[in-house]
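Residue-level listing of the chains:
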Amino acid sequence: MGALNTKKIFFVPALAPAMLNVTLILSIVFFESRTSQPIIAAAIGVLAGGFVQFAFQLPSFFRNGYRLGPDLSFRHPGIRKMMLLLLPATLALSVSQINIIVSSIFASFLPQGSITYLFYSMRLVQFPIGIFGVAMGMAVLPTLSEHAVRGTWKSSEKTSPLLFGCCFL
């Protein structure tokens, strides 16, 4: 998905998770009655759906000049800089996960169902972020990266102020 997004191809990567869902649903419909436990049909669906999601993007991936295979060279200075910049981002993202764990521990001391209420409330909070924030971020990130590489931040402020507002979602 990320590789295609850098080439400003958004439709195929955005549709790929739908392929996972369709495969999962079809797997449950067709295999549920053929297995001793219905959860096995769901497990087969998740595995097959992940493969379908991956395979669905491969034609666009190859058509845009990419290839599969590891490149284990970490000598490029850009890789080192990226690793260094990922450290604070990882720590910042871990704060929300720690918050979820601590909240769940506290909720476990409350009446039955409290953890479920907490889970659903967190999902409700994440819903607008998932719909708007992630979509805007995925659409805007390649353009912002391009401006960063070229050093054209000031010209982009004039042409597209929405891009800078989306950075702070």
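Quick caveat, the model's predicted, so the values are computed rather than measured. (Residues numbered from 1 in each chain as written. Predicted model: local features only at pLDDT ≥ 70, side-chain atom pairs only at ≥ 80, totals over all residues. Heavy atoms only, no water.)

Colleague: I'd like a rundown of helix H2 (residues 11-31), residues and numbers included.
Modeller: Its 21 residues give H2 an end-to-end C-alpha distance of 30 Å, which sits within 8% of 30 Å, the value for a rise of 1.5 Å per residue. Buried within H2 we find Val12, Pro13, Ala16, Thr23 and Ser27. Buried residues belonging to H2 abut helix H1 (2-6) and helix H3 (38-63). (Helix = DSSP H or I, 4+ residues; strand = E, 2+ residues; numbered from the N terminus. Expected span 1.5 Å × (residues − 1). Buried < 20%, exposed > 50% of the residue type's maximum accessible area, 1.4 Å probe, protein only. Contact = heavy atoms within 4.5 Å.)

Colleague: Help me get a handle on the pattern of salt bridges, residues and values and all.
Modeller: What the rule picks out here adds up to two salt bridges. Residue Lys8 pairs with Glu146 through a salt bridge whose shortest N-O separation is 3.2 Å. Here Glu146 lies in helix H5 (residues 114-150) and Lys8 lies in the loop between H1 and H2, a separation of 138 residues in the sequence. With its nearest N and O atoms 3.0 Å apart, the salt bridge here joins Arg150 to Glu146. Within this pair, Arg150 and its partner Glu146 are both found in helix H5, separated by four residues, close to a single helical turn. (Salt bridge = Lys/Arg side-chain N within 4 Å of Asp/Glu carboxyl O.)

Colleague: Residue-level account of unusual backbone geometry, with values.
Modeller: A positive phi angle is found at Lys8, which is not glycine, with a value near 65°. A relative accessible area of 42% means that Lys8 is categorised as partly exposed.

Colleague: Tell me about the confidence of the model for the protein, and please be specific about residues and values.
Modeller: In the predicted model, the protein carries a mean pLDDT of 84, and 91% of its residues have values of at least 70. Per-element mean pLDDT across the protein ranges from 48 in helix H7 (residues 161-166) up to 94 in H3. In the predicted structure, residues 163-169 sits below a pLDDT of 50 and forms 13 contacts with residues beyond four places in sequence or in another chain. (pLDDT = per-residue confidence, 0-100.)

Colleague: Describe the packing of helix H4 (residues 77-107) against H5, naming the residues involved and giving the relevant values.
Modeller: Contact pair H4 / H5: the axes reach a minimum separation of 8 Å and the direction vectors enclose 150°. Put simply, H4 runs roughly antiparallel to H5. Handedness of the H4/H5 crossing: right-handed. Contacts between H4 and H5 pair Ile100, Ser103, Ser104 and Ala107 from the former with Ser114, Ile115, Leu118 and Met122 from the latter. Broken down by class, the residue content of the contact of H4 with H5 amounts to five nonpolar, three polar and no charged. (Axes fitted to C-alpha atoms, helices over the stretch in contact; angles between N-to-C directions. Parallel < 35°, antiparallel > 145°, perpendicular 65-115°, else oblique. Left-handed = near helix turned anticlockwise from the far one by under 90°. Nonpolar A, V, L, I, M, F, W, Y, C, P; charged D, E, K, R; others polar.)

Colleague: How would you summarise a nonpolar patch on the surface if you had to cite specific residues and measurements?
Modeller: On the surface, Val22, Ile25, Leu26, Val29, Phe30, Phe31, Ile39, Ile40 and Ile44 cluster together to form a nonpolar patch covering roughly 820 Å² of accessible area. A total of six residues in the nonpolar patch trace back to one element, the largest contributor, which is H2. (Patch = residues over 30% accessible without salt bridge, like charges linked within 9 Å, V, L, I, M, F, W, Y side chains within 5 Å. Areas by Shrake-Rupley, 256 points an atom, 1.4 Å probe, with all protein chains shown as cover.)

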